[in-house]
Amino acid sequence: MGRWNRALLLAVLVLCVFFTGGCTFVKAEKEDTTSLDYTIVREEDIPQELARLIDEKKEKEFQMTYKSEDFLYLLRGYGQQMSGGYSIEVEELSLGKEAVFLKTRLLGPGQGEKQSREPSYPYIVIKMPYRQEPVKFL
């Protein structure tokens, strides 16, 4: 086995250990989670300052939190898409020992669904009672 082949094999092994360890850490951190109540905010109900921030960031993917009064807003944007018809599913919003976890998924336009030829900027705004724990977007 050549020197370059051994170096490549070693690099692959190191990456495998690194990624496997990272997954284990997230799983351990997420043990004993509790589902949290939330509301998906309609576009017309988004606070004006928050709407301005979304407009500034919408062309690229983004994840952010925003505190207003007694509420915490969690935002996840998927950047520019080449057509309309996208939706976003909340797969998980839960509280772990040291963090709030949010996992969403972008769903493409359904087959047979009429799509606009204009670009779209899918995002979701989730409102929940304020919490001090950090938010981890998964």
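As a starting point, this report considers the structure included with it. Everything numeric here is computed off the predicted structure, so don't read it as measured data.

### Digging into the packing of aromatic side chains
Point 1. Counted under the stated rule, the structure contains 1 aromatic pair.
Point 2. When the ring centre of Y130 is taken as origin, the NZ or CZ atom of K67, which lies over that ring, is 4.9 Å away.

### Some words on the pairing of strand β6 (residues 100-107)
Point 1. Relative to β6, strand β5 (residues 87-95) runs antiparallel, the two being bridged by 8 bridges. Each bridged residue has a counterpart across the sheet, and for S94 the counterpart in β6 is F101.
Point 2. In this structure, the hairpin formed by β5 and β6 is closed by a connection of 4 residues.
Point 3. Relative to strand β8 (residues 135-137), β6 runs parallel, the two sharing 3 bridges. What sits directly across from L102, in β8, is F137.

### What about helix α2 (residues 48-57)?
Point 1. Of all the residues in α2, the buried ones are L50, L53 and I54. Along the axis of α2, the buried residues cluster in a sector spanning 100°; they form a single face. Across α2 from its buried face, at more than 90 degrees, point the exposed residues Q48 and E56.
Point 2. Turning to α2, the residues buried within the fold contact β3 (61-68), β4 (71-78) and β7 (123-129).

### Comments concerning the nonpolar core
Point 1. One finds L36, L74, L93, V100, L102, I126 and M128 to be the most contacted residues of the largest nonpolar core, which totals 14 residues.
Point 2. The set of elements that each furnish at least two residues to this core consists of β4, β5, β6 and β7.
Point 3. Here this core gets 4 residues from one element, more than from any other, and that element is β5.
Point 4. Not counting residues up to four positions away in its chain, the partners in contact with L102 are L74, V90, E92, L93, I126, K136, F137 and L138.
Point 5. Listed in part, the 11 residues of the second largest apolar core include V41, I54, Y66 and V125.

### Some details on the sheet that holds β6
Pairing between the strands of a sheet comes from backbone hydrogen bonds, and it takes one of two forms, parallel or antiparallel.
Point 1. Here 4 strands make up an open sheet; going across it, the order is β1-β5-β6-β8 and the pairing mixed. Two strands lie at the open edges of the sheet, namely β1 (34-35) and β8, each paired on one side alone.
Point 2. Examined bridge by bridge, β1 and β5 share 2 bridges and lie antiparallel to one another. In the sheet register, T34 faces β5, and the bridge partner there is L95.

Quick notes on the rules
- Residues numbered from 1 in each chain as written.
- Predicted model: local features only at pLDDT ≥ 70, side-chain atom pairs only at ≥ 80, totals over all residues.
- Heavy atoms only, no water.
- Phe/Tyr/Trp six-rings, centres within 6.5 Å; stacked < 30°, edge-to-face > 60°.
- Lys NZ or Arg CZ within 6 Å of the ring centre and 35° of its normal.
- Pairing = 2+ DSSP bridges.
- Helix = DSSP H or I, 4+ residues; strand = E, 2+ residues; numbered from the N terminus.
- Buried < 20%, exposed > 50% of the residue type's maximum accessible area, 1.4 Å probe, protein only.
- Arc of directions from axis to C-beta.
- Contact = heavy atoms within 4.5 Å.
- Core = buried A, V, L, I, M, F, W, Y, C linked by side-chain atoms within 4.5 Å.

In short, shape yes, function no, at least from these values alone.
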